[in-house]
2 protein chains.
Amino acid sequence: MRPTVHDIAAEAGVSLATVDRVLNARAGVRSETRLRVQAAVERLGYVRDVAAANLAKSRIYPIRFILPSGDNPFMRALEAHVRQVGNPALRPGGLERVAVSLDCVPPLDAPALAAALIKAGEDEPAGIAVVAVEAPEVAAAVRTLQARGIPVATLVSDLPASGRNHFAGIDNMAAGRTAGGLMRRFLSGSRGAVAVIAGSLSLRDHRERLDGFAQALREAGEGLTLLPVLEGEDDPAKVEALAKRLLAEQPDLAGIYSLGAGDRGLVRALAQTKMPRPQAVVVHELSDHTRQALEEGLVDAVLAQDPGHIARSAVRVLRAFADGLVFDPAQERIRIDIFLKDNLPPARQALSDPHLPTGE
Amino acid sequence: MRPTVHDIAAEAGVSLATVDRVLNARAGVRSETRLRVQAAVERLGYVRDVAAANLAKSRIYPIRFILPSGDNPFMRALEAHVRQVGNPALRPGGLERVAVSLDCVPPLDAPALAAALIKAGEDEPAGIAVVAVEAPEVAAAVRTLQARGIPVATLVSDLPASGRNHFAGIDNMAAGRTAGGLMRRFLSGSRGAVAVIAGSLSLRDHRERLDGFAQALREAGEGLTLLPVLEGEDDPAKVEALAKRLLAEQPDLAGIYSLGAGDRGLVRALAQTKMPRPQAVVVHELSDHTRQALEEGLVDAVLAQDPGHIARSAVRVLRAFADGLVFDPAQERIRIDIFLKDNLPPARQALSDPHLPTGE
DNA sequence: CTGTTAGCGCTTTCAT
DNA sequence: ATGAAAGCGCTAACAG
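Chain A carries the name LacI family transcriptional regulator in an unreviewed UniProt entry, which gives Xaviernesmea oryzae as its organism.

Enquirer: How should the overall build of chain A be read in this particular structure?
Expert: Secondary structure assignment for chain A yields 14 helices and twelve strands. Dimensions of chain A, computed from the C-alpha atoms along their principal axes, are close to 85 × 55 × 35 Å. Taking as baseline every contact in chain A between residues at least 6 positions apart, the subset at least 24 positions apart corresponds to 68%. Carbon and sulfur atoms form 52% of the exposed surface of chain A, whose accessible area is close to 15,000 Å².

Enquirer: Explain the nonpolar core here, please?
Expert: Generally speaking, a soluble globular protein has its nonpolar side chains buried in company with each other. In terms of nonpolar packing, the biggest core is built from 42 residues, with M183 of chain A together with M183 of chain B touching the most fellow members. Not counting residues up to four positions away in its chain, the partners in contact with M183 of chain A are V194, F213, L217, G255, I256, Y257, A280 and V282 of chain A.

Enquirer: How do you make sense of the protein's contact with DNA strand D when you look at a structure like this?
Expert: Taken together, 26 residues are adjacent to DNA strand D, and V5, D20 and Y46 of chain A together with R21 and T33 of chain B come closest. Each atom of DNA strand D within 4 Å of the protein was assigned to sugar, phosphate or base; sugar and phosphate come to 70%. Here R26 of chain A contributes a side-chain N or O atom positioned 3.4 Å from a phosphate oxygen of DNA strand D. Breaking the surface near DNA strand D down by element, the ones donating at least two residues are α2 (16-23) and α4 (50-57) of chain A together with α2 (16-23) and α4 (50-57) of chain B. Residue composition of the surface near DNA strand D, by class: twelve nonpolar, seven polar and seven charged.

Enquirer: Quick question: what am I supposed to make of the domain arrangement of chain A here?
Expert: Many structure descriptions define interface size as the accessible area lost when the parts assemble. For chain A, the assigned domains read domain 1 (5-48), domain 2 (61-169 + 307-334) and domain 3 (172-304). Each of domain 1 of chain A and domain 2 of chain A has a C-alpha centre, and the two are 35 Å apart.

Enquirer: Please clarify how the environment of S15 of chain B should be interpreted in this entry.
Expert: All names here are of chain B. With respect to the helices and strands, S15 occurs in the loop between α1 (5-12) and α2. The exposure class of S15 is partly exposed, given its relative accessible area of 40%. Once the C-alpha coordinates of S15 and V5 are considered, the two residues, ten residues apart in sequence, prove to be 9.2 Å apart.

Enquirer: It is not clear to me how the sheet that holds strand β3 (residues 127-130) of chain A should be interpreted in this structure. Could you clarify?
Expert: For sheets, the rule is that strands pair by backbone hydrogen bonds, running either parallel or antiparallel. Residue and element names in this part refer to chain A. Strand order in the open sheet made by the five strands is β2-β1-β3-β4-β5, with parallel pairing throughout. Among the strands making up the open sheet, the edge pair consists of β2 (98-105) and β5 (166-168). Mean inter-strand twist for the sheet, computed between neighbouring axes without regard to direction, equals 20°. Inspection of the sheet shows strand β1 (residues 61-68) paired to β2 by eight bridges, in the parallel sense. Considered in β2, the bridge of Y61 is made with V98.

Enquirer: Quick question: what am I supposed to make of the environment of A126 of chain B here?
Expert: Residues and elements named next belong to chain B. Mapped onto the fold, A126 is located in the loop between α6 (110-120) and β3 (127-130). On the basis of relative accessibility, which here comes to 8%, the residue A126 falls in the buried class. Through-space distance from the C-alpha of A126 to that of G149 is 9.0 Å; in sequence the pair is 23 residues apart.

Enquirer: What exactly am I supposed to notice about the protein's contact with DNA strand C here?
Expert: Taken together, 26 residues sit near DNA strand C, with R21 and T33 of chain A together with V5, D20 and Y46 of chain B positioned nearest. For DNA strand C, the backbone portion of the atoms within 4 Å of the protein, that is sugar and phosphate, comes to 67%. R30 of chain A is positioned such that a nitrogen or oxygen atom in its side chain is 2.8 Å from a phosphate oxygen of DNA strand C. Contact distances for DNA strand C include 2.4 Å between a phosphate oxygen and a side-chain N or O atom of Y46 of chain B. At four residues, the largest contribution of residues to the surface near DNA strand C is made by α4 of chain B. Grouping the amino acids of the surface near DNA strand C by side-chain chemistry returns twelve nonpolar, seven polar and seven charged.

Enquirer: I would appreciate a short explanation of the packing of aromatic side chains in the present structure.
Expert: How two aromatic rings sit relative to each other is set out by the distance from centre to centre and by the angle between their planes. All told, the structure shown has four aromatic pairs over all chains when counted by the stated rule. Between F321 of chain A and F327 of chain A the ring centres are 5.9 Å apart and the planes differ by 50°, which places this aromatic pair in the tilted class. For the residue pair F321 of chain A and F327 of chain A, the accessibility class agrees, reading buried in each case. Between the NZ or CZ atom of R185 of chain A and the centre of the ring of F186 of chain B, over which it lies, the distance is 4.2 Å.

Enquirer: What's the story with the pairing of strand β9 (residues 253-258) of chain B in this structure? I'm lost.
Expert: Consecutive side chains along a regular strand alternate between the two faces of the sheet. Residue and element names in this part refer to chain B. For β9, a buried count of six out of six residues is recorded, marking the element as mostly surrounded by other parts of the structure. Pairing analysis gives five bridges linking strand β6 (residues 192-198) to β9, with the strands arranged parallel. Note that in β9 the partner of A193 across the bridge is L253. When β9 meets strand β10 (residues 280-284), the two strands line up parallel, connected through four bridges. Counted as the bridge partner of I256 is V281 from β10. With respect to chirality, the unit in which β9 leads through helix α11 (residues 263-272) into the neighbouring parallel β10 is right-handed.

The rules behind these values
Here the residue numbers are simple positions, counted from 1 along each chain's written sequence. Following the order in which they are written, the chains are lettered starting with A and the ligands numbered starting with 1. At least 70 in pLDDT is required for a residue's local features to be given in this predicted model, at least 80 for side-chain atom pairs to be given and counted, and no such filter applies to totals for whole chains, interfaces and linings, which use all residues. Side-chain numbers come from the whole structure's heavy atoms, not from hydrogens or water. Helical segments are the DSSP runs of H or I of at least four residues, strand segments are the runs of E of at least two, and each set is numbered from the N terminus. Only heavy atoms matter for contacts: two residues are in contact if any of them lie within 4.5 Å across the pair. Method for areas: the Shrake-Rupley scheme with a 1.4 Å probe, in which residue coverage is limited to the protein chains shown. What makes a nonpolar core is a set of buried Ala, Val, Leu, Ile, Met, Phe, Trp, Tyr and Cys residues whose side-chain atoms join them at distances within 4.5 Å. Burial classes: relative accessible area under 20% of the type maximum marks a residue as buried, over 50% as exposed, and values in between as partly exposed (1.4 Å probe, protein chains only). Throughout this document, a residue counts as near a molecule or strand when at least one of its heavy atoms sits within 4 Å of that molecule or strand. Polar contact criterion, stated in full: a pair of N or O atoms within 3.5 Å, where within protein one must be able to donate a hydrogen and the other to accept it, and residues adjacent in sequence count only if both atoms are side-chain atoms. Gly is placed with the polar residues, together with every amino acid not listed as nonpolar (Ala, Val, Leu, Ile, Met, Phe, Trp, Tyr, Cys and Pro) or charged (Asp, Glu, Lys and Arg). The domain limits used here are those given by an automatic or database domain assignment. By the convention used here, strands pair only if DSSP detects at least 2 bridges between them. Only C-alpha atoms enter the line fits that serve as axes; for helices the fit covers just the stretch in contact. Angles between N-to-C directions range over 0 to 180 degrees. Planes of paired rings set the category: under 30 degrees apart is stacked, over 60 is edge-to-face and the rest tilted, where pairs are Phe, Tyr or Trp rings (Trp by its six-membered ring) whose centres lie within 6.5 Å. Two conditions define a charge located above a ring, namely a distance within 6 Å from the ring centre to NZ of Lys or CZ of Arg, and an angle within 35 degrees of the ring normal. Looking down the strands as they point away from you, a crossover is right-handed if its path from the first strand over the helix to the second goes clockwise.

Structural data, given as structure tokens:
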């Protein structure tokens, strides 16, 4: 059996309450006593049972998520996962004692986001997770929250200047480089123009992907020229218009890298065009549309990040920060997933059947 | 507040003990009473607090892992992660109440594996996780365990015929297809021979990868011919010898797919050869050697599965089976990771610093 | 500064 | 067939 507070109380010759005070670094213990307790902890190799502690505290962790509204499929998938993480009926035994609430604000609207952050902090949640827009007022809001002792994690798009506690998302520079590397190999030897369609360069993730991609393509040094970036504001209609023009007016178009959302529009343009299609098309995030486009060969690779992992990870990490505990960075690293036609995951999975207890 | 057993006892007009009996499907409750309790559960939307239940039961889950011994770097990495999952000091608040023990048996030795399985089942563990070898005696051992009520999960290499409760590993057929798809694109247009180096075809994962690869290459229909499979027994020295012969005697060698272990040998052969190197080399699993080979351009892509994820997932799933609980299949799906030079994860990460509690 | 005591939500004797 | 009461490991009043 693992040692308990009782064991270390006995070992140190003090009461439970004193042990608890030392363990939780509360004031009001003579330093000599504290040392005795700490020695006992060391000697017995005591490790706190966090589940029991939380039970005793009746502690629940209120965690607020702030996501962009709108019909970006990735964000809607993230929202669905966030709601699921917060539902105890859906994950008994899992991430417990968390009360998740969720707020959506219009995308790309920094003042609205900053206001939502401040409001989210008002009732002292255990942590706040937010898809950031890179703007001074947002960074200021994050700093204000942290000053009030509320841990903040950015999701998907980072805001390092704010000093946020954690970023749950992929390394977007690496993602851009990966896209560039794939494009180069898919285009091996051929010459031509490569287009990039972004959502908005005021999103840090989009800027970083662009930088990484440009870098990888430059290194290629081959006959590939990078066209000026197009911004489609993650809007399928705008992206479609941009892509149509591109296909019509750029006869030597060899590749397209779509690093934001709105791929529905791109896919439509590709499906309808009468011009020869570019040899390599790389997009971001798995959705019904991109999945189908991959299967049909309209798209050659999808770079993705797992929204379920992001939601769970954000909760775990914020909880760890709230409690002053360690977490495992390897487990919380969000992978850059590369999907080809051949390794597409099954479309959608529900919870496993409950395995009835033996006896029924 | 979520309803507790007290609430449902009051609602149903019975005592705590009776509620507990119904909740745990234990005998000795009149069916009329049972119905009353179940109705109360429904009405109040009661969900059991698993953490509290485990605390009350003082339950710990003894889980046994059986892995192949030897110097296969992937298996050693898996072993390291398994040991970490079982160490409460390393993951406070995480996967708690699990006592992991680990046993290694010689690779590819079915009788030894079967014996180890039977032995592992002797003291009634909560679950057993095993890297399977496909052999009748192993399947029989697994069935014996299950007949005794012990859930079994296979890791990495599956054994579906045994009726194991769960498989924690990638879809190896899809992995093979993915390798084939990459190879085709990397070789776009060129003609030549493609070699496959496996470990042993008595490992189901190796056979499945081979099948998927062959299938993808056939579909390609281009000028690529698949050479007869080589078996290197996952041994670097043997793999090196095979690869050297291949490089020397196959002048039109366009690609190599190494789907087992022993890649150290392959990398050495590639580094030392004076012949032109094949245009595309795809291997499995990230290790110091394959990572470096990727960075140096000796290898073009690494397919991988995350050993940390496999270890954690196996424990979560076995625990869910032991308790008759649901789990989230999407969370437990092991991804086929594709690593290129550009999206290599950082080499190694330790636990995050403990965030000291406020007040100290 | 330190100790006693009553619970957190659930399970488990032991009575009835 | 059902209930009362103690206790899992920890925290939180409230006394001293």
